[in-house]
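Architecture and fold: a report
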Amino acid sequence: MANGTNVAGRSNAIAETLTTAGFTQITKLEAQAVPTTVVYYQSGFEDVAADVAAMFGLPASSIQPASAIQGVQIYAGEDFASGAKPTPAPAQGNVAAQTANDQTCQATNPAG
């Protein structure tokens, strides 16, 4: 459990969730801050990594192989600074930018 959230001690709450889910071998460490949470896994641990990602509501794209990892490691990013699950990044590229001036409001019916 690597804490890259920029919140000291955040790994304690995340590790508690993992312990409650039945994971017994958890090592916590403070790590360099990263923007998004990733689950790294050693070859042969793909299914466990998928379970950890699902537990925290992470998409499959957040699961990555890593030869330097033993077992599975969740590297909590700044998107997981609080709460039970990481905060999803806002969608980019498909959101229409608009302001209140771009909207036409309907007139109310004064007669009721």
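In this text the structure is predicted, and so the values were computed from the model without any measurement.

Thresholds, definitions, all that
Residues numbered from 1 in each chain as written. Predicted model: local features only at pLDDT ≥ 70, side-chain atom pairs only at ≥ 80, totals over all residues. Heavy atoms only, no water. Pairing = 2+ DSSP bridges. Helix = DSSP H or I, 4+ residues; strand = E, 2+ residues; numbered from the N terminus. Contact = heavy atoms within 4.5 Å. Axes fitted to C-alpha atoms, helices over the stretch in contact; angles between N-to-C directions. Phe/Tyr/Trp six-rings, centres within 6.5 Å; stacked < 30°, edge-to-face > 60°. Buried < 20%, exposed > 50% of the residue type's maximum accessible area, 1.4 Å probe, protein only. 1 Å grid on protein atoms, 1.4 Å probe; cavity = no way out; pocket = protein on both sides within 12 Å on 5 of 7 lines; lining within 4 Å. Points joined across faces, edges and corners; volume = space filled by probe spheres on them. Nonpolar A, V, L, I, M, F, W, Y, C, P; charged D, E, K, R; others polar. Arc of directions from axis to C-beta.

Pairing is mixed across the open sheet formed by five strands, whose spatial order is β2-β1-β5-β3-β4. The open sheet has two edge strands, β2 (29-30) and β4 (63-65), and neither has a second partner. Lying on the sheet, helix α2 (residues 46-55) is in contact with β3 (38-41), β4 and β5 (72-76); it crosses β3 at an angle near 165 degrees.

Quick look at the packing of aromatic side chains now. Applying the stated criterion across every chain yields a total of two aromatic pairs. Judged by centre distance (6.5 Å) and plane angle (75 degrees), the rings of tyrosine 40 and tyrosine 75 are edge-to-face. Linking tyrosine 40 in strand β3 with tyrosine 75 in strand β5, this pair joins segments that are 35 residues apart in sequence. With a relative accessible area of 17%, tyrosine 75 lands in the buried category.

This part covers the layout of surface pockets. Estimated volume of the largest pocket: approximately 440 Å³. If you go around the largest pocket, you meet 18 residues; those closest to its centre are Gln25, Gln70, Gly71, Val72 and Gln73. Those elements that place two or more of their residues in the lining of the largest pocket are α2 and β5. Take the lining of the largest pocket: its biggest share by element is three residues, from β5. Its residues placed into classes, the lining of the largest pocket shows twelve nonpolar, six polar and no charged.

Buried within helix α1 (residues 10-20) we find Arg10, Ser11, Ile14, Ala15 and Leu18. Angularly, the buried residues of α1 cover 120 degrees about the axis, an arc narrow enough to put them on a single face. Exposed and oriented more than 90 degrees from the buried face of α1 are Glu16 and Thr20. Summarising the contacts, the buried residues of α1 are in contact with β1 (2-3), β2, α2 and β5. Following α1 by one or two positions, glycine 22 adopts a phi angle in the positive range, close to 105 degrees.

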